[in-house]
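Structure at a glance
Here is how the chains run, residue by residue.
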Amino acid sequence: MTTTVTQYQADFPILRRQVHGHRLVYLDSAATSQKPTAVIDAELEYYRHSNANILRSVHTLAEESTEAYEATRREVAHFIGAPRPEEVIFTRGTTESLNLVARGWGDAHLEAGDAIVVTVLEHHSNLIPWQQLARRKGAELRYIELNPDGTLSMESAERVIDRRTKIVAVTHTSNVLGTITPVVSLADLVHGVGAILVVDAAQSVPHQPTDVAALGADFLAFSGHKMYGPTGIGVLWGRTAHLWGMDPVLYGGEMIGLVERDRATWAEIPQRFEGGTPNIAGVVGLRSAVRYLEQVGLNQTADHERALAEMACRRLQNIPGVTVYGPSGNRGALVAFNVDGIHPHDLAQALDAEGVAIRAGHHCAQPLMQWLGVPATARASFGLYNDESDIDALAAAIDSAQRYFQR
Ligand code: 7TS
């Protein structure tokens, strides 16, 4: 991929800008990826040419708009290996998708004394909805612990997943440690006790091929904006039987069957979960992002980004005073680290002055920070447009920050 990566860089106009007089080195794709021209143009073209509300009018624009919206559902289903398009629900993003499962499925199926299982790795989006569900229902929230290298402990999983467990919610790839969790093995364990498996795929869908059938998940959530698509659009995939057993969460237009003065019935899936006018332009942009990723090839980006992450780990580990967190082998497209004597926020600011954009903070994973025993870390994360020169720039900027802060 390194030979063609320059070609992909040209697809992202923002990469041509300068920051503080330097070439932009964008290493914050785990927060949000940059957008290729194709995605930007698709949204513009939609507003210029086809804009109309969906599912309600019969004029030409409305039909074009509805067709684009529903065609995206079919393409997204194909993209993640979902057997039926109606299993794809459009949401604002991963956060809304996970809240929808907690409210829609959790409220309908959990009772006092049941258990919900999460892991120490979780982003707050895949933790707080379950904490709140546990509080509403009088259920117990349990944690799968980590091995010292930040991988998931299957022994711990076997201990905490039992007959009382109704939901196991786990990230596919940690947004801090890069840990890739053994979803397929977990699925066997979870289904063995009659529970459901919810997968937070925000950091995996953009970086590797996804096949919901092969994963064995019951629900899977991801965001468009981390996979080169627009902000404000995401997906919840769920098995048909689970979706039929779920209550709507947003009540209003287009999610109903028949409405009388005192009662209403619900539309079929997926419309019952998409009340109100959705983010149609976002859906159109998402379609373009899916097509872009399919054209580039997810196996190819996965190999490229894995090589970059490994290279970054090695380079950072060799800088005296730098601690790298997370597993040494199989990991996602990111690396979290700290530099002795420099607060990660100060480091991020020093790097920004050199045009290098990283994230610093708790990464919305405070229980994981507590496990690491640090208040915050720095994090460099990669997209298909990054290459070795970006890692050189990162290492050089860390070196000059060390000299500045330690003089
Ligand atoms: N789950 C994981 C694993 C994430 O990394 C994120 C966002 C979310 C859920 C929430 O996604 P959203 O699109 O609904 O906001 N993670 C990050 C991050 O690591 N830095 O900024 C956002």
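Residues numbered from 1 in each chain as written. Predicted model: local features only at pLDDT ≥ 70, side-chain atom pairs only at ≥ 80, totals over all residues. Heavy atoms only, no water.

**A closer look at the pattern of salt bridges**
Scanning all chains against the criterion turns up 19 salt bridges. Among the salt bridges present, the one from R142 reaches E140, with a minimum N-O distance of 3.4 Å. When the shortest N-O distance is used, the salt bridge between D399 and R403 registers 2.4 Å. Here R403 and D399 lie together in helix α14 (residues 388-406), a separation of four residues that amounts to about one turn. For R403, a relative accessible area of 56% corresponds to the exposed category. One network of salt bridges, in which partners are shared, links E140, R142, D162 and R164. (Salt bridge = Lys/Arg side-chain N within 4 Å of Asp/Glu carboxyl O. Helix = DSSP H or I, 4+ residues; strand = E, 2+ residues; numbered from the N terminus. Buried < 20%, exposed > 50% of the residue type's maximum accessible area, 1.4 Å probe, protein only.)

**Topic: the site of the ligand**
Near the ligand you find 16 residues, and of these T95, D200, S223, R359 and R379 are the closest. The side chain of K226 places a nitrogen or oxygen atom 3.0 Å from a nitrogen atom of the ligand. Compared with its free state, where it exposes 490 Å², the ligand has 87% of that area covered by protein. Under a 2 Å grid-point criterion requiring more than half of the atoms, the pocket assigned to the ligand is the second largest pocket. (Near = heavy atom within 4 Å. Polar contact = N/O pair within 3.5 Å; in protein donor to acceptor, adjacent residues only side chain to side chain. Areas by Shrake-Rupley, 256 points an atom, 1.4 Å probe, with all protein chains shown as cover. 1 Å grid on protein atoms, 1.4 Å probe; cavity = no way out; pocket = protein on both sides within 12 Å on 5 of 7 lines; lining within 4 Å. Sits in = over half its atoms within 2 Å of the grid points.)

**What to know about the layout of surface pockets**
In this structure, the largest pocket occupies an estimated 310 Å³ of space. Along the wall of the largest pocket there are 18 residues; nearest its centre are F90, T91, R92, E96 and L250. Size it by volume and the second largest pocket reaches roughly 240 Å³. As for the second largest pocket, its lining consists of 19 residues, and the residues nearest its centre are A30, H123, A202, Q203 and K226. Looking at side-chain class alone, the lining of the second largest pocket contains four nonpolar, 11 polar and four charged residues. (Points joined across faces, edges and corners; volume = space filled by probe spheres on them. Nonpolar A, V, L, I, M, F, W, Y, C, P; charged D, E, K, R; others polar.)

**Concerning helix α5 (residues 128-137)**
Every buried residue belonging to α5 is among P129, W130, L133 and A134, and all of these are buried. Viewed end-on, α5 has its buried residues packed into an arc of 135 degrees, placing them on one side of the element. In this structure, the buried side of α5 is in contact with α4 (94-109), β5 (115-119), β6 (140-144), β7 (165-171) and β8 (196-200). Downstream of α5 by one or two residues, G138 has phi in the positive range, about 70 degrees. (Arc of directions from axis to C-beta. Contact = heavy atoms within 4.5 Å.)

**Observations regarding the environment of L44**
For L44, the position within the fold is in helix α2 (residues 37-50). Each C-alpha atom of the pair L44 and V284 lies 9.8 Å from the other, and the pair is 240 residues apart in sequence.

**Some details on a nonpolar patch on the surface**
A cluster of nonpolar residues, Y251, I256, V259 and W266, forms a patch on the protein surface that exposes about 390 Å² of accessible area. Relative to the assigned elements, W266 resides in strand β12 (residues 264-266). For W266, a relative accessible area of 32% gives the class partly exposed. (Patch = residues over 30% accessible without salt bridge, like charges linked within 9 Å, V, L, I, M, F, W, Y side chains within 5 Å.)

**Let's talk about the packing of helix α3 (residues 60-79) against helix α10 (residues 280-296)**
For the pair α3 and α10, the least separation of the axes is 9 Å and the interaxial angle reads 40 degrees. Considered as vectors, α3 and α10 are oriented oblique to each other. Classified by chirality, the crossing of α10 by α3 is left-handed. Contacts between α3 and α10 involve S65, A68, Y69, A71, T72, E75, V76, H78 and F79 from the first element and I280, V283, V284, L286, R287, V290, R291, L293 and E294 from the second. Here the residues of the contact of α3 with α10 are counted per class, giving 11 nonpolar, three polar and four charged. (Axes fitted to C-alpha atoms, helices over the stretch in contact; angles between N-to-C directions. Parallel < 35°, antiparallel > 145°, perpendicular 65-115°, else oblique. Left-handed = near helix turned anticlockwise from the far one by under 90°.)

**A short note on the environment of H362**
Inspection of the secondary structure assignment puts H362 in the loop between β16 (359-361) and α13 (366-372). We classify H362 as partly exposed; its relative accessible area is 29%. Separated by 284 residues in the primary sequence, H362 and H78 have C-alpha atoms spaced 35 Å apart. Excluding residues that lie within four positions of it along the chain, H362 makes contacts with H124, M369, P375 and A376. One polar contact links the side chain of H362 to the main-chain amide nitrogen of C364, over a distance of 3.0 Å.

**Observations regarding the sheet that holds β7**
The strand order β4-β10-β9-β8-β7-β5-β6 describes an open sheet built from seven strands, whose pairing is mixed. Of all strands in the sheet, those with a lone pairing partner are β4 (88-91) and β6, marking the two edges. Neighbouring strand axes in the sheet, compared pairwise and without regard to direction, differ in orientation by 20 degrees on average. Bridge count for β7 against β8 is five bridges, and the pairing is parallel. When the sheet's bridge partners are listed, V170 is paired in β8 with V199. On top of the sheet, α4 reaches β4, β7, β8, β9 (219-223) and β10 (234-238); it is set at about 155 degrees to β9, its chief contact. In the packing of helix α7 (residues 183-192) onto the sheet, the strands contacted are β6, β7 and β8, and the crossing angle to β8 comes to about 155 degrees. (Pairing = 2+ DSSP bridges.)

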